[in-house]
Each structure stands twice: as C-alpha cells, then as structure tokens.
Amino acid sequence: MTPSSKIYAPNVYLFAFHLCQPLESESSSPVEFARLWQKCDEILQTKLAVGTAFNGSYLSKKDEPAGWRVNLINKEKEVVGNRNSLPFAKNISHDNQQINLKGFAQPLRIDDSYALGLQIRVPEKLNGIKTPAVDVSIFKEFNPDNCLLPDFVQSYFGQTLLLTAWLSVEQNQAARADSQFLQALGKQCLEKLISGQNLPDFYRQGELFGSPILEYGNPSRQETDCHVIVWFFNSSATDEIWDETRYSDFMDLFLYRNKILRAYHDSRKLYLVTREEYKQIELDIDKTFKYLQRDQAQQRQSKGAGLKEEELKYLEAQMIEMPPRAVKYARMLIDLEFRQNTIAINAQNYQDKLNQISLDIKAAKKYNDSDANLSFLETFSKETCPQFQRQIQADLGYFKHGSGLLDQATEAIRAIVAIEEAYRNAKLEVTIQAVGFGLGVAGVVAGSSPYLIKQDPPNQIVALPLPFLKVGINSFAFVLLISIGAGFGVSLLVMWSGKFKNLLGKFKNLLSRNKQLPPP
C-alpha cells in the first residue's frame, strides 16, 4: 500500500431516474413504474446487506401528493437531516481495518419522473473523531456485484454515479508535480468500484467549486458507457458549497442530463428505422412507375392501348396503400421532432439551474472566481446539446423529402388511374354508340324491306345478285341478312371513327411533347 492509494472520507452517490407515468409515444411499451424502488430495496437488503428494507419506506403511487418536486419518503420512517430519506449503517472489516459505512436512500418525484438518490460513504468523523484514510479498494464494498451499475438498476432515463474523496497533502503535491497523477488515481478508484472489463472511457478533466473533477463516459455513447464522475476534494470551499442545497441541485441537473441523453439515443434508433423506411419508399416508388419507362409507354401509346388490367389493379392497390404509409412515415418524423424538442427543453432547464447555482455562490460573497466557475458543467449544455440538436435537425431535413415523394407518387397514381378509367369509359361509350347505331340502321333497313322486295307472294324465293352464281334465298332471310350486314357495317364505321379521333389526339400530344424536349 502506498500513500497515493489512500483516500479520506470516500462517498458514492447514485442518481437514477425513471418514468412515473406512461409516455404517449411509447404507450405500446409499458414500463414498471415501481421498478426503481424495487431495485433500491434489493441493493440495500441483498447486495449491501445493511438490514434496512426500502419497501414500505416510500409512498405508494395512490398516496403521492401533488406538486412539481415531491419527497416520497414515508414520514413514519426515520429521516436524515432535512432531506427526508431512509438512513442505513453497516460495520465492515476491510484491509485489516474496522470501518463504519453509512448512507441514505431518498425517493423523489420530480415533474414527470421518479428520482432515486442513494449514498454510501465512510463518514469524515465518528463520535467527533476524524476517521482514518482508507485504501481506494474500499470502493469494492460500495458496489458488490456491480449493483450500482445501469445493467442492474435498469432505470428508464439512465443514471449517474458520483464518487467523492478528500486528497491528502502528499496527493495534492503529487498532483501539482504530475499532470497525470489525478487521472491515474481516478482510474484506480474506477477499477475498484467496477468489477470486470466494462469500464467507461475517460472523457475529460476539469475543476468544479475549486477542486479537480474527472468525467468518464462519452455522452454520445452513453447507452454503452456508464456515466461516472470522480471528484477529488482539496479545498474547504468545495466542502462548504457542496451542501444539501447543491445535492438537490445536482439531482435536478443529472435528471435533465439523462433525459437529454435518453432522447438523443432514442433519436438514433428512430434514425435507423426511418432511414430504412425512406430507402424502401424510394424503391417502391421506382417499382411502381417502372412500367412507365419511355420504351414501354411509347409502344402502348403508338398502338392506342391503355394499361394492362394487372397494372391498373396494382396502381389502384398502391393508391390505397400509400396514404396510410404516408401517415406512418409522418409519425416517424414527429417522433424525431419530439426528441429534438425534449433535448431543447431540458437543455434550457439544465442551463437555468446552472445560472441559479452561480447566483447562489456569488451571493455568498466569500468565494473567488474559480470556486464559482461552472464551465465544467456548462460544457454539456453549451456544446454537447447543440451538437445533438444539429444532428437531429439534419436528419429531419433529409427525411422530410420522403413525405414529398409519397404525396407526389399518390397524386401521380391517382391521375394515371383517373386517365385510364376515362379512357376505358370513352371506349365503352363508343362501343355503345356503335351498337346503337347498328341496331338503328338494321331496324331501318328491315322496315324498308317492303319497298325493296316484292312481298306478293309472301316468302318467295329471291335470287341473290351474285355474278357467275345463281342462288335463291327466302325473302325473309334475305331481308334479315341485309339488315344485319347494314347494322354491322355502321357499327364498324362508328368504332373506327372513335379510334381515329383518339389516335389524332395522341398524335397531337406527341407533337406537343416533342416540341418541349431539348434538341439532341
């Protein structure tokens, strides 16, 4: 054991956040709203074995009071300080030392979310006597079986782990002499806290309330990286500023932060789904209009033929399917916009809370500028959040073309189907006219037979006027044959007249279209 591996009064804070009411956008995915409290009870009784049950220490959902920020601790239970929380304690033997562990669990409802505050610590003093420094391996006792990590806690909005410890005089001197010393010490703390290989990557280092602070876990990969902050105290100002009020402020800050990260990572999943739908829309529209390629279309038009029956049925089916599909696609874009708005709202809430903290510190008039500097926390709201918003805005700008494609395709198909139906109706009208004219002429011819053929005697044999062939036929049959022939001839004449007008119209359209084409 070396002096550099010893720390004084180590603390671990868990800030975890969960839904307390269903989201409209996720009504199909029910969430167990009491899961966070159940996990807390399991951590206290099974993992930490402190003998304190969390079940029964919080108010049931039906007994929750109204309000934006509500403490859900059962007032009948023992409380710690002004925070109304469930305390616990445990004596352990670690590294040949008898160590007293203390902590508390605090259930809250903040707006539309549940929040769990859980602290495990070695107190600075015990019975008025300063406790001895302990080795960084003490963090193993705070997180048995990785019970404080996201895989176990499973909170909907995510979580943040905050580790604090006081540096010794020797460690402060080492930190001034070696810029990498604190990173090495922070890594030791992290390796002792988290067992296994899934350690979050180092993200950045800075200073907060006058003391050095390190952050682990890239926000862009928060779904796979656990968010851990290691904060080494080396200033009395830090200890004074980090009080009950700041603890409550940090609960709010981490809630806003985790809501933003949840919204952004949800948007990345939506991006993948929407991108696949966009690609499919383009493929389906290309397939729908494939038969309208120039060579096939011109062949049909030159023959005066319309769409094939199966093509018309296919287009009619597409005309029915595309509007619901457009609605579904629009909802995907609405979901993306919802995430974008969620980020914007919570980023503003995050910055407002930072502004309030800054005003409170400056109002005390006893801290210097470095103590009141919140740039370490402001990086998230001023750099990370705008980056998230720009990414989603770019996605929306790209995907909105898909809605236009669907609308234009639907209108084009509706127009093609309408033209085809009009074309078929016109052909039917010509056929009806031809049959009508034919029947009329046949009737006229039949009615005129007495004037064309002698009827006395009736049913006489009439010689057909055929050269080189003398054939006789009954007068009635002769009249019937003439009337049918006349009717059929007139019908053909009317039908050919209608086709000629149709071809003439198409020829004019072809000429006008050729005039609009650019010269080769």
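Residues numbered from 1 in each chain as written. Predicted model: local features only at pLDDT ≥ 70, side-chain atom pairs only at ≥ 80, totals over all residues. Heavy atoms only, no water.

Caption draft 1: Structural context of the overall build of the protein. Scanning the protein from N- to C-terminus turns up 12 helices and 14 strands. The proportion of buried residues among the 520 residues of the protein is 44%. Contacts in the protein between residues at least 24 apart in sequence constitute 71% of all its contacts with a sequence separation of at least 6. As presented, the protein carries roughly 28100 Å² of accessible surface, and 55% of it is formed by carbon and sulfur atoms. (Helix = DSSP H or I, 4+ residues; strand = E, 2+ residues; numbered from the N terminus. Buried < 20%, exposed > 50% of the residue type's maximum accessible area, 1.4 Å probe, protein only. Contact = heavy atoms within 4.5 Å. Areas by Shrake-Rupley, 256 points an atom, 1.4 Å probe, with all protein chains shown as cover.)

Caption draft 2: Inspection of helix α7 (residues 244-288) at higher detail. The terminal C-alpha atoms of α7, which comprises 45 residues, lie 65 Å apart, in line with the 66 Å expected from a rise of 1.5 Å per residue. The distance from a side-chain oxygen at the start of α7 to the backbone nitrogen of Thr245 is 3.2 Å, and the residue carrying that oxygen is Asp243. (Expected span 1.5 Å × (residues − 1). Polar contact = N/O pair within 3.5 Å; in protein donor to acceptor, adjacent residues only side chain to side chain.)

Caption draft 3: Expanded view of the packing of aromatic side chains. This structure, assessed with the given rule, holds 26 aromatic pairs. Their ring planes at 85° and their centres at 4.9 Å tell us that Tyr156 and Phe157 sit as a pair that is edge-to-face. Aromatic side chains Trp242 and Phe250 sit 4.9 Å apart centroid to centroid with 70° between the ring planes, which places their arrangement in the edge-to-face category. For the residue pair Trp242 and Phe250, the accessibility class agrees, reading buried in each case. Ring pairing ties together the aromatic residues Tyr13, Phe15, Phe104, Trp166, Phe209, Trp231, Phe233, Trp242, Tyr247, Phe250 and Phe254, which thus form one cluster. Residue placement shows Lys130 over the ring face of Tyr8; its charged tip is 4.7 Å from the ring centre. Note that Arg262 overlies the ring of Tyr156, its terminal NZ or CZ placed 3.8 Å from the centroid. (Phe/Tyr/Trp six-rings, centres within 6.5 Å; stacked < 30°, edge-to-face > 60°. Lys NZ or Arg CZ within 6 Å of the ring centre and 35° of its normal.)

On their own, these measurements won't tell you what the molecule is for.
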